[in-house]
Amino acid sequence: MYFDSVVIKIVIIFLSKHISFDKMGLVSSQNIQNINVLFINELDNYVASKAVDVVQTYLEKNSNYGLALRIDKVEANKTDAKGLLESMCAKYGDSIEKNQPPHVIFDSTKFGLASDTVKSFAIALGLPTVSASCGHDGDLRQWSDMDKDKQNYLLQVMPPVDIIPEVIRSIVQKLHITNVAILYDETFVMDHKYKSLLRNMQTKHVITSVAKDDSKRTNQIERLRKLNINNVFILGNLSTINLILETVKPTFLERKFAWYAITQNEEEITTKRANVSLLFLKPVVYSQNRERLKQLRTIYNLNDEPQIMSAFYFDLALRTFLAVNELLQSGTWPIDMKYLHCDDFQGGNTPERNINLKQAFVQINEPTSYSDFELAKQPGTPFNGHSYARFAMEINVVQFLDKNSPNRKSIGIWNAGLDSPFEVEDEENIKSIAAPIVYRVSTIVQAPFIMRDETAPKGYKGFCIDLMDEIAQIANFAYTIEEVSDGKFGHMNEKGEWNGIVKELLDNKSDIGLASLTVRAERENVIDFTVPYYDLVGIAIMMQKPKIPSTLFKFLTVLEPNVWLCILGAYFFTSFLMYILDRWSPYSYQNNIDKYVDDEVKRVFNLKECLWFCITSLTPQGGGEAPTNLSGRLVAATWWLFSFIIIASYTANLAAFLTVSRLSTPIESLDDLAKQYKISYAPIHDSPEMIYFERMANIEHMFYEIWKDLSLNTSLTLRQKSKFSVWEYPVSVKYTRIWQAMQDAKLPNTLDEAVARVRNSTHGNEFAFLGDSTDIRYLVLTSCDLEMIGEEFSRKPYGIAVQQGSHLKEMLNDAILKLLNKQRLEQLKIKWWLKNKDELKCRKSKDQADGITIENIGGVFIIIVVGIGVSCIILVFEYWWFILRKRPRVITVTESALSTDVKLAQGIHLGREICN
């Protein structure tokens, strides 16, 4: 827009009048067509100036062409648009005054202010122009959005100097280079290449001109090293290439750096440095053009360097003039051509032209002298920005083992063009020159996928590190890994801005996103994912593992203490009552010894026997012989019935008690959490899980608004409204309630905070964490106080992220599929999950549900031990008592106090004891 305004304002000042010519005023003498040319050239572009002079001489000496040139030259200052415009207007005005207006403008300005000024001048005045300026379709701002009439006479053909840098793009694509520095000198135009040359490529690049001063040039190259750039392209003449090679330090010529030298010159590269290896590209003339080029150089002195540019200007100018001559000779050139003076231009009064210079230009069959023309002819493809000189460049591997013996080997030809592939005959030779491929990997620490480890080669270990090492080995590349600063996977805010790994990829700060990164639709809109490398993973619930109280005498807690006391009281009361009844009943054994003298079992129910009978009646062994008296038997039967009920009740309650105590938490799913209010729950703030619940709640709200709008729509008929009339609310509010409960619970900011809240849960203040199931599985794996509740939900796969359109996607896909076929991914899962060294061996909940543990039933063994111990003590006492009673005693019989029967009985009894 700036240059258009310059034209509009300055042209009005300098142009004087509107002149109309009925005829061109060009007299054809001896069948020679005179062509007026306005030649606009930059001050230092001697190659173009010399080439146009050679064209004029060439046409003069070859009368068979039937044309002669009258050339008005304007030399352009690259930085003085006003001065250039004044010069063009003056020359143009003089030619009109002399009745010799220009048929065509031949523009050899390369780029920048001068080139833009010429294009603005030509389009404003409607002057047929052929430009040799640099720039693709989007770079020609002054000639953009032209109507069809102007497209036919305002032409641009890109010169070789504009096409040669395209080889860099081809090399980067071929070798998958991830970082590039491009150093260029004044022989190349790179102003418009900063953004377009490596556009849509995942390559960090720096484009800068070569510093003139030695110290500045040394610092310039040193800065490239600090930027971790190890692929350097030099665009320049041979002296510039040699200058840079002699400037760099020896460390820059080591194997980890790659050097590429590209020039317009045809000579061989030389340097005084030793141990230098580089890829050298130079133009070569087509074999069919060599003879013609040789004649032009020897006969017409077309020998300015670089030869490719000199020949290009010659071929383009000659083709231009022949095209104009063809239009004049065929009568298609307008007879009443109108020319507008500069100061008559008012911004919208450009004369209409009916000149199809483009068609005539394309149809010229004049042979070229160095390269061919690739002219856009396809329908729908603009001519300007897509037409260029097509030539060849020889690809050489050059090694300077010492200062005097360079080793050169040609490995292929690059056919110059837009998006022309880079092909070589020997892939190994170019691999020996190329720097090692190093990709930048962004990651997030998440066990067991990525974990910090200072002893590991890259400072990290885990499932993903092992996976990337396997992929790098298959695809033959290296990588550097770095954590993202914000610790986020990647989420888009309300402004459409991304964070985390996704932002690193979008900003071209990373080539690969390696983490437990879920594949989501919104992410796939801005980045690409590989095939999944891990199973579907969803959201899970984690809670504190229930602490089941255990006691050795847990079987005693089945009944309340007062019940035990009542049972004990009933035992003693029944035993004593049975003793009393047997003692006083006339029908008991002890009171009817003679009656039961023939019975095999003779049992006297003294107090000891009653206690024993009642206690044994509680066991499967039974109480033994029952009392003989009816009252005693009735008490025994009552006690048996009591014992049966107590034992049955105790057994049933013991089984139920142990079963209930081993039941897991009542929360089994997200629905269970949503239905209760005692346990608070929440995910981590700003996590993918939080975003999931927030979005689900928003969707429910949106559905509600839609239903409400339909229900309250006054434009609907009663019949239509009736279709939305329902008694129950038709839209679910499940996630709305869940999201509200999460906000009330206050979302934890980190995983550590969430785990701490779960572990600090107490009765009445419990907390459940909702998070990535792999996080929860690993926490459960490495601890014994946490457990995962229920099944996962909202499951998605994990994938490796790359920049959108990156070639890495296919390469990583191939490697992952190979690992999948080899079952290597399954082996990694076994390593980091089933055989993880950090796994804690602790009792699982299912183990507790399999049976009664020793902690709960161990009391019975204590009872046995106590019983055995007491029995041993009693045995000692009994033995002592037996020994004590067995000692002989001297007894004096006093008959005065005893009757004869008593004395006899006592004597018999004593005698028995002595005998025993």
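Going by the structure above, here's the rest.
Reading the values: rules and limits
Residues numbered from 1 in each chain as written. Predicted model: local features only at pLDDT ≥ 70, side-chain atom pairs only at ≥ 80, totals over all residues. Heavy atoms only, no water. Helix = DSSP H or I, 4+ residues; strand = E, 2+ residues; numbered from the N terminus. Expected span 1.5 Å × (residues − 1). Disulfide = S-S within 2.5 Å. Buried < 20%, exposed > 50% of the residue type's maximum accessible area, 1.4 Å probe, protein only. Pairing = 2+ DSSP bridges. Axes fitted to C-alpha atoms, helices over the stretch in contact; angles between N-to-C directions. Contact = heavy atoms within 4.5 Å. Salt bridge = Lys/Arg side-chain N within 4 Å of Asp/Glu carboxyl O. Polar contact = N/O pair within 3.5 Å; in protein donor to acceptor, adjacent residues only side chain to side chain.

A. Fine view of helix 12 (residues 307–330). Compared with the 34 Å implied by 1.5 Å per residue over 24 residues, the 34 Å span of helix 12 between its first and last C-alpha is a close match. Phi turns positive, to about 80°, at Gly 331, one or two residues after helix 12.

B. Spotlight on the state of the cysteines. Counting across every chain of the model gives one disulfide. Each sulfur of the disulfide joining Cys 89 and Cys 342 lies 2.5 Å from the other. An S-S torsion of about -100° defines the bridge between Cys 89 and Cys 342 as left-handed. Of the two residues, Cys 89 is situated in helix 3 (residues 81–97) and Cys 342 in the loop between strand 12 (338–340) and helix 13 (357–363); the sequence distance between them amounts to 253 residues. Residue classification places Cys 89 among the buried residues on the basis of a relative accessible area of 5%.

C. Summary view of the sheet that holds strand 25 (residues 767–772). With mixed pairing, the four strands of this open sheet are ordered in space as 24-25-23-26. Of all strands in the sheet, those with a lone pairing partner are strand 24 (680–682) and strand 26 (786–798), marking the two edges. Going from strand to strand, the sheet's axes swing by 20° on average, the running direction of each strand aside. Where strand 23 (residues 534–544) meets strand 26, seven bridges bridge the pair, whose relative direction is antiparallel. Residue pairing for strand 26: Val 537 is matched across the bridge by Lys 796. Where helix 22 (residues 688–711) meets the sheet, its contacts fall on strand 23, strand 25 and strand 26, and the angle it forms with strand 25 comes to roughly 100°.

D. The arrangement of the pattern of salt bridges in detail. Using the criterion set out here, one finds 32 salt bridges in the structure. Asp 72 serves as the salt-bridge partner of Arg 70, at 3.1 Å between the closest nitrogen and oxygen. Note on Asp 72: relative accessible area 15%, which makes it buried. Two residues, Asp 162 and Lys 193, come together in a salt bridge whose shortest N-O distance is 3.4 Å. In this pair, Asp 162 is assigned in helix 6 (residues 160–163) and Lys 193 in helix 8 (residues 193–196), connecting sequence segments 31 residues apart. Of the two residues, Asp 162 and Lys 193, both sit in the buried class.

E. Just the pairing of strand 25, in detail. Judged by how many residues are buried, strand 25 sits mostly within the fold: six of six residues are covered. Relative to strand 25, strand 23 is paired through four bridges, and the arrangement is antiparallel. Bridging from a neighbouring strand, Ala 540 pairs with Gly 771 of strand 25. The sheet contact formed by strand 24 and strand 25 spans three bridges and is parallel. For Ser 680, the partnering residue across the bridge sits in strand 25 and is Phe 767.

F. Quick peek at the environment of Ser 442. Looking at the secondary structure, you find Ser 442 in strand 17 (residues 438–443). The buried category is assigned to Ser 442, whose relative accessible area is 5%. Residues Ser 442 and Glu 504, spaced 62 residues apart in sequence, show a C-alpha to C-alpha distance of 7.4 Å. Look past the residues within four positions of Ser 442 in its chain and what remains in contact with it is Glu 482, Val 484, Ile 501, Glu 504, Ser 510, Ile 512, Gly 513 and Leu 514. A distance of 3.0 Å separates the side chain of Ser 442 from the side chain of Ser 510, its partner in a polar contact.

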